[in-house]
Amino acid sequence: MNAHGMGVGDINGDGRMDVVAARGWWEQPAGASQEPWPFHAANFGNGGAEMAVYDVNGDGLNDVVTALAAHGWGLAWFEQKRVDGAISFVQHNIMGDFTAKNAGHVTFSELHGSTFADLDGDGIPDFIVGKRHFSHLESYLDPDPFGPAVLYWYRTVRNPRAEGGAEFVPELIHNRSGVGSHLQAVDLNKDGAIDVITSTNRGTFIFWNKMKPTSRPAGLR
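Conventions we followed
- Residues numbered from 1 in each chain as written.
- Predicted model: local features only at pLDDT ≥ 70, side-chain atom pairs only at ≥ 80, totals over all residues.
- Heavy atoms only, no water.
- Core = buried A, V, L, I, M, F, W, Y, C linked by side-chain atoms within 4.5 Å.
- Buried < 20%, exposed > 50% of the residue type's maximum accessible area, 1.4 Å probe, protein only.
- Helix = DSSP H or I, 4+ residues; strand = E, 2+ residues; numbered from the N terminus.
- Contact = heavy atoms within 4.5 Å.
- Salt bridge = Lys/Arg side-chain N within 4 Å of Asp/Glu carboxyl O.
- Phe/Tyr/Trp six-rings, centres within 6.5 Å; stacked < 30°, edge-to-face > 60°.
- Pairing = 2+ DSSP bridges.
- Axes fitted to C-alpha atoms, helices over the stretch in contact; angles between N-to-C directions.

## Things to note about the nonpolar core
Within the largest apolar cluster, 20 residues are counted, with the highest numbers of intra-cluster contacts made by Val65, Leu75, Ile94, Phe108, Tyr154 and Phe168. For this core, the secondary-structure elements that each account for two or more residues are strand 5 (52-54), strand 6 (63-67), strand 7 (75-83), strand 8 (86-95), strand 10 (126-130), strand 12 (151-158) and strand 13 (166-174). Not counting the four nearest positions on each side in its chain, Phe108 is found in contact with Trp73, Met95, Val129, Gly130, Lys131, Val150, Tyr152 and Tyr154.

## Some remarks on the pattern of salt bridges
Tallied over the full model, the rule gives four salt bridges. Taking the shortest distance from any N to any O, the salt bridge between Asp14 and Arg16 comes out at 2.8 Å. We classify Asp14 as partly exposed; its relative accessible area is 29%. Note on Arg16: relative accessible area 25%, which makes it partly exposed. Glu110 is paired through a salt bridge with Lys131; the nearest N and O atoms lie 3.2 Å apart. Taken together, the residues span a long stretch of sequence, with Glu110 in the loop between strand 8 and strand 9 (113-117) and Lys131 in the loop between strand 10 and strand 11 (135-138) at a distance of 21 residues. As far as the burial class goes, Glu110 and Lys131 line up, both buried.

## Describing the side chain of Thr66
Of note, Thr66 is situated in strand 6. Here Thr66 is in contact with Phe44, Ala49, Met51, Leu75, Ala76, Phe78 and Phe127, once residues within four sequence places are set aside.

## As for the packing of aromatic side chains
Tallied over the entire structure, the rule returns 11 aromatic pairs. Seen in terms of ring centroids, Phe44 and Phe78 are 5.1 Å apart; in terms of plane orientation they differ by 85°. Their pairing is edge-to-face. Here the residue Phe44 occupies a position in the loop between strand 4 (39-41) and strand 5, and Phe78 occupies one in strand 7, the gap between them amounting to 34 residues. Residue class for Phe44 comes out buried when judged on its relative accessible area of 1%. On the basis of relative accessible area, Phe78 is assigned to the buried category, the value being 2%. A centroid spacing of 6.4 Å and a plane angle of 50° characterise the contact between Trp77 and Phe168, whose relative ring orientation is tilted. Of this pair, Trp77 sits in strand 7 while Phe168 sits in strand 13, and the two are 91 residues apart along the sequence. Linked through ring pairs, Phe44, Phe78 and Phe89 together constitute an aromatic cluster.

## Some words on the sheet that holds strand 1 (residues 6-9)
What the four strands build is an open sheet, ordered 1-2-3-4; its pairing is antiparallel. Lying at the two open borders of the sheet, with one neighbouring strand each, are strand 1 and strand 4. Within the sheet, the average angular offset between the axes of one strand and its neighbour, ignoring direction, is 20°. Pairing between strand 3 (residues 24-26) and strand 4: three bridges, direction antiparallel. Along strand 4, the bridge assignment pairs Trp26 with Phe39.

Encoded structure:
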């Protein structure tokens, strides 16, 4: 079992895959080495689901998109900044709890499973995440255990007027399935559109992407 909050992607732009976790990232060195990978501290939350690494705002630097707590609240993207070669990250919140100002007025907890893929065919990855319903049954160890078992994709929209130069627009896929520990986004039927696969305590589901070749997708079902 993997830890809450892990991802793989090229953070520093050297063409090598680095490893990202809740407390920072490990830089892959050049060539084979038995030495520990250099660690760079950063705060990416308390450990959520799979973490996405891609260029959110189109500035040429890879950013991090992640749930902030697998059994709590929070979704954010972390904008990479460079000053004299030093890498740092600025947090931009997408969703918090019911008291926060959330994208699309969408709020749910327990973001235990996530992935990223280009669902609308615009060349920019999108973030797919949902609620792991009843992670610890009705014990209230997790907030809002009786909330709907939703599954959303957050469309990445580059917008120079938005904070950090991008915004995430939530699009509902389903409200009675949610996510388990993991989910997958892959073109199952080879029609050029990425589909979403989940397996949860509600069952196992395939959501076929009905993307039109010349327009935004009509939706997943």
